[in-house]
Amino acid sequence: MDDGGSRSGATDRRVLALGVSLEGRDEEGPPPLDALDPLLEAPQHAAHVTEVVRKFGYRQHSPANSEADLAEEVRKALKSPSEVLIVHLVAHGRLADTGERGLHVVGGDGSNLDDPVSTWISLIESHPDKPRPLTLFILDLCHSGVAATLPWHQEMPVGRRRAWVIAATGSRDNAFDYRLSRATHTVLGNYLEGTSTVDRSCEYIPLPTVGREIAREVASLSAQEGFEQLVDGSRVAFLERVEDLEELPFFPNPHFDSRRSVLSEVDPGITSLVDEAFDARHFMLRGAGSEPLDRGLGQGYFHGREQEVRLLTGWLNGEGSGFRAVTGKPGVGKSGLLGVLVCAAHPQLREPARNLWFRLPAKPACNNRLAVVHARRRDLDQIADSVARQMGASDEDRPADGWDAERLIQLASPEGYTLVIDALDEAERPDDITQALLVPLARAALAGHTGIRLLVGTRSEPPFIALLKLAQDGDGLIDLDHSQPDDICQAVRQYVGDLLAVDTPYAARDAVNAANALAEGIAERLTGKGDPSRGEASPEEPKPLGWGEFLVAGLYVHHVLTLPTERDSGRARELGLQVPRDLPDLLELDLARRADQPDLRTVLATVAHAEGSGMPERLIAEVASVFTRGKGPLSVRRVQEALEQARFFLRQDIDTDGTTLYRLFHEGLAEHLRAHPFDPQEQGQNT
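Residues numbered from 1 in each chain as written. Predicted model: local features only at pLDDT ≥ 70, side-chain atom pairs only at ≥ 80, totals over all residues. Heavy atoms only, no water.

1. Points about the sheet that holds strand 8 (residues 163–167)
With mixed pairing, the six strands of this open sheet are ordered in space as 2-1-3-7-8-9. The open sheet terminates on both sides in strands that have one partner only, identified here as strand 2 (59–60) and strand 9 (232–233). Strand direction decides the pairing type here: strand 8 and strand 9, joined by two bridges, are antiparallel. Within strand 9, the position partnered with Ile166 by the bridge is Gly233. Packing against the sheet, helix 3 (residues 70–78) makes contact with strand 1 (13–19), strand 3 (84–90) and strand 7 (134–140), and its axis sits at approximately 170° to strand 1. (Pairing = 2+ DSSP bridges. Helix = DSSP H or I, 4+ residues; strand = E, 2+ residues; numbered from the N terminus. Contact = heavy atoms within 4.5 Å. Axes fitted to C-alpha atoms, helices over the stretch in contact; angles between N-to-C directions.)

2. A look at the sheet that holds strand 13 (residues 452–457)
One open sheet accounts for five strands, arranged 11-12-13-10-14; its pairing is parallel. One side of each edge strand has no neighbouring strand; the edge strands of this open sheet are strand 11 (370–374) and strand 14 (477–479). When the angles between neighbouring strand axes are averaged without regard to direction, this sheet yields 10°. Of the strand pairs in this sheet, strand 10 (residues 323–327) and strand 13 are connected by four bridges, and their pairing is parallel. Note on strand 13: the bridge partner recorded for Arg324 is Leu455. Sheet strands touched by helix 11 (residues 306–316): strand 10, strand 12 (417–422), strand 13 and strand 14. Its angle to strand 10, the strand with the most contacts, is close to 150°.

3. Some details on the packing of aromatic side chains
Tallying each qualifying case throughout the model produces four aromatic pairs. Considering the side-chain rings of Trp357 and Phe358, the 6.1 Å spacing of their centres and the 55° angle between planes classify their relative orientation as tilted. Its end group placed over the ring of Tyr58, Arg13 keeps NZ or CZ at 5.9 Å from the ring centre. One cation-aromatic arrangement involves Lys363 over Phe358; the distance from NZ or CZ to the ring centre is 5.7 Å. (Phe/Tyr/Trp six-rings, centres within 6.5 Å; stacked < 30°, edge-to-face > 60°. Lys NZ or Arg CZ within 6 Å of the ring centre and 35° of its normal.)

4. Things to note about the environment of Ala71
Inspection of the secondary structure assignment puts Ala71 in helix 3. The sequence separation of Ala71 and Asp114 amounts to 43 residues, and the corresponding C-alpha distance is 8.0 Å.

5. Description of helix 19 (residues 512–527)
The first and last C-alpha atoms of helix 19 sit 23 Å apart over 16 residues, in line with the 22 Å expected at 1.5 Å per residue. Counting buried positions along helix 19 yields 12 of 16 residues, so the element is predominantly enclosed. Every buried residue of helix 19 is listed here: Ala514, Ala515, Ala517, Leu518, Ala519, Gly521, Ile522, Ala523, Glu524, Arg525, Leu526 and Thr527. Positive backbone phi, at 90°, marks Gly528, one or two positions downstream of helix 19. (Expected span 1.5 Å × (residues − 1). Buried < 20%, exposed > 50% of the residue type's maximum accessible area, 1.4 Å probe, protein only.)

Quick look at the structure:
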C-alpha cells in the first residue's frame, strides 16, 4: 500500500480511525425497542477510511487492542509528535443529559466515554505553547455538529486554529448508515482517481472543498436511502480572510505539479502582487507570444511593432501627452504589445520576465508607480478597486459609494501614477467603465496637471468611440490595423520562424530551408502579399485580414506541427499559403481534422458560454447536454478528456475553492462557437 512518502515529503502525517461496535448484541431475538444499533460494520468503515487516507501520505496511529482505551488512544494521538493528524470516529454519539450537555462518544459497553469531544479539541487549542498536531476530526456520530460549532472555538481567528471538524450531522440530528464514512471514502477516492480534481497548481486540496464534496455525497445518499442527513463543519466568520484554509495540508493534491503553479515560472515574489485583477500571468503570456504552442513563459517570441514599441516606451518613461490608447482588430496584438512593455516596466515583473522583453528595440524604465489591470470579465467597481489598491489604498479607505475618477486622482497625488488598462472591450458593461471612469481619467491625464497617465487597450467599437477620439485628438492613438503590410509580413515571418526553431522537427538541419519557406508562405498569405485569391488587376492592394496576423499564424503553426514534416521547400511554401485567413476558419480546420473526437466541439461550445473566470468541469458536464442533441449530460471523465484535447484553445483559472475554471483563450472564438455550436453538417438540424 502506498504510504504517500513521495508526495508528503518530510511531513509526519498520521491517521487514527476507530469504529466502535456495541458488545453483547448478537444474541437471538428482537432487541429492546430502545436498544442502540450494534453498529457491527463500524470497524469495517473505519478501516476503509484509513485505507484511502493512507494513500494521501498518512501512516496509521496504532490503537490499543481494548476498545475501553479509545479515549486514551485519542489523547495519545493528539499528543503525538505528528505534524498532521486525522481522527476518524465511527460510533454512536450521545449528548450528556446534564452539565454542559456536551457530545460524548458511546463506548463498546453502551455508556458514554468520560471525555466529551470538546475536551479533545480543547487539548489542542488551549495549549498553543505545546506541540500539537494540526488535526481534522471526521466524526461519524449522531449530534456531531455540536463539536463543529463550539462557541469558543468559532471565536478563534482562522489563522490560529489547529483543530477542524467535519461532522456527520447537525447538533440535534441523527446520523444514518455510516454515510459520512462512506462519503469520505468515495470523495477521497475520486480525488485519487482523478474523477474529482482541483487545479494542478494547488499543492493541497482545500479543506472547504473536501467538506463540500463530502456534504454533496451524503446528500446524494440521503436522497437514495431516505432520512435526510446534512453534514456540518467548522464555522468561519464571513468577515475573516480565509486564505489560510486553502493551505491546510490535510489532503495533498495527488495531481499537484509545481511546474503548473500559476506563476511558478517566475520569481516567487510575483505571488505577492497586491491585486488579482492585475493578472500578471495575462500580461506575461501575451508579452511572450508563446500561447499558440502552449510554451509558457520560458521564451519570448514578440516580434515587430518597432515604431509602436518606441512610442510607448517613451510614453511610459514620461514623454508626450498623458493619455494613449492602443486599438485594432481582434488578435492583432494589442495585449501582446502592452504585455511585453508592462513586463519591462513593472518592478515585480521586470527581472523575472527579462527574457520576454530584453530584445525590444527600446525598453521602458522600471516604474514603481505603475498600476495595471486586465479588464476581461471585470466590472466598474472591480477595476476601480484594483487601481486604488495598487496605488496604496487599503480596504478601509474605500469610500462607501466606491472609487471614482476624482478620488483616484487624489490618491495619485502628488507624485503621480501611470495606469494601464488592457482588454477593456472584454470587461463587464464596458460602456459604464468607459463613461464613468476612463473618460474622466483620460481628460484629467490630457490636462497634464493631475499626475495621472493613462494607457488603454481596446478594440475599436461603438462604446469606446469617445475615449478613442480623446486619444486621437491628443495625438495619442495607436491603431495597429494601420501598420504597413510589408512590416507585418517581415515580423510574422520572423515570429513563425522562431516558433519552428524551438523543439520542432523543422529545427533539424535537413528541414531548415523548408521551415524558412513555410514561414514565408504563412506570412505572405496572412498579409495579403501571397493571397491566391487576389486578382492581377490590383496586386498592390492586399486584402486585409479580419483577425490578427500573429494570432492566426501561431494557431496555424500548431496545426502544421500535427501533420507530417514537410522537408521540400516548394511544398512547405504551398502548405504555408494554405493558412486560413480568419480565426473561425482555423478552428473549423482543426475540428474537422479531429472528427473522431465528437465531444470536443460540444465542450468548446459549452465553454464559449462561460462567464467570469470560467466554468468548472462539473458545470461543463451538465450544461453540455444543451449541445448533445438530447443525449443528456456528458460524464465528468468525458469532459476531462475533451478538455485535454481542447487545451490549446483554453485558458485556465482557479476558483477560490481550488477548482480549475475553463474559458476560451480568445473572445473571438467564443463569439463564433456561440453562433455555431454544432458541426456545420449538423447545423441545419439544430436551428
